[in-house]
Amino acid sequence: MSEQKNPGGSGENGRDGQEEAVPAQREDTGEVIGTRRGMFGADNGGDTSGYGGLVRTVRLPGESSRPYGGPAGTEGHGEFDEIADELEGALDEQGLVPGNVIEKTVVDRAELTFHIERGALPAVARILRDDPALRFELCTGVSGVHFPGDKGRELHAVYHLRSITHNRLIRLEVGVPDADPHVPSLVDVYPTNDWHERETYDFFGIVFDGHPALTRIMMPDDWQGFPQRKDYPLGGIPVEYKGARIPAPDQRRSYS
């Protein structure tokens, strides 16, 4: 009788089953930007999650090398290479040096991201929208990300682009320093970004130059600070329920 694995059992077979159940981890490559302790990296007031003993390295995906492959994990020259080739060729035609415009190209978890020099962002967006071989007609919004450990690039604006013509998805990413959080607005290229840029400004403090009416969209006009930044204080207003009062996060007990 052949030996069968028992994922729930002990011994060699049990260990194999447990390993198979563990989610795949990102390889130990890329750019290290810090170390996170606890579940959420709290370092001012204690860790209220109960996981204060966790320690992990925070990494950003590194630059990918050719060939990029495709979204289905295609090896060799694939769909991502075709997009990169068309974009670089279109930049050349407009007198822009691809190496100066595209800071790095990242393929991570079957997704393609172009890291763009912020001054060239509007030109790149127009090429991606208008070039017949690319035709990324739709930008589904811009997201803000805050990496306090990514020195000189603490704030990131991430754009999600979809080509309805070619049924493709890519991302553009622009990193700016906390001391100079300015990114050109893309409302002229993708009008639907109007509200998305306002929301990203409101929560992260990224200033979109050229926006027709950049203003807070969620927080009061006189609100101090940007609540989605990772260094924003956790203090707040206690939550009231029927028969219960939940303290603000910075007033809860600490497990560390």
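What you are looking at is a predicted structure, and each value in this text was computed from that prediction instead of being measured. (Residues numbered from 1 in each chain as written. Predicted model: local features only at pLDDT ≥ 70, side-chain atom pairs only at ≥ 80, totals over all residues. Heavy atoms only, no water.)

## A short note on the sheet that holds strand 3 (residues 102-108)
Which entries qualify depends on this criterion: For two strands to be treated as a pair, DSSP must find no fewer than two bridges joining them. Strands here mean DSSP runs of E at least two residues long; helices mean DSSP runs of H or I at least four residues long; both are numbered from the N terminus. Angles run from 0 to 180 degrees between N-to-C directions of axes, and those axes are lines fitted to C-alpha atoms, restricted for helices to the stretch in contact. In what follows, residue pairs with any heavy atoms lying within 4.5 Å of each other are defined as contacts.
With mixed pairing, the five strands of this open sheet are ordered in space as 3-4-7-6-5. A strand with exactly one partner marks an edge of an open sheet, and here the two such strands are strand 3 and strand 5 (138-146). This sheet shows a mean twist of 20° between the axes of neighbouring strands, independent of strand direction. Sheet analysis places strand 6 (residues 155-163) next to strand 7 (residues 168-176), joined by nine bridges and oriented antiparallel. Along strand 7, the bridge assignment pairs Arg162 with Leu169. Of the strands in this sheet, strand 3, strand 4 (111-116) and strand 7 are in contact with helix 2 (residues 79-93), which crosses strand 4 at around 25°. Its contacts with the sheet put helix 5 (residues 193-204) on strand 5 and strand 6, and the angle it makes with strand 5 is roughly 5°.

## Concerning the confidence of the model for the chain
Rules: You can read pLDDT as the predictor saying how much it trusts each residue, on a scale of 0 to 100.
Put simply, the chain has an average pLDDT of 85, and 81% of its residues get 70 or more. Per-residue pLDDT stays below 50 along residues 1-15; that stretch engages in 11 contacts with residues further than four places along the chain or on separate chains.

## Considerations on the environment of Gly99
Defined as follows: Burial classification: accessible surface area is computed with a 1.4 Å probe over protein chains only, and a residue below 20% of its type maximum counts as buried, one above 50% as exposed, and the rest as partly exposed.
Note that Gly99 resides in helix 3 (residues 98-101). Residue classification places Gly99 among the exposed positions, given a relative accessible area of 58%. In this structure the C-alpha to C-alpha distance between Gly99 and Glu117, which are 18 residues apart in sequence, comes to 9.9 Å.

## A closer look at the environment of Trp223
You can see Trp223 is positioned in the loop between strand 9 (207-209) and strand 10 (239-241). You can call Trp223 partly exposed: its relative accessible area is 36%. Counting along the chain gives 21 residues from Trp223 to Asp202, while the straight-line C-alpha distance between them is 9.4 Å. Those residues within four positions of Trp223 in sequence are excluded, and the remaining contacts are Arg216 and Tyr232.

## Focus: helix 2
Rules: Every helix has an expected span of 1.5 Å times one less than the residues it contains.
With 15 residues, helix 2 extends 21 Å between its outermost C-alpha atoms, agreeing within 8% with the 21 Å of an ideal straight helix rising 1.5 Å per residue. Structurally, helix 2 contributes buried residues whose contacts are with helix 3, strand 3, strand 4, helix 4 (121-130) and strand 7. Gly95 occupies a position one or two residues after helix 2 and carries a positive phi of about 80°.

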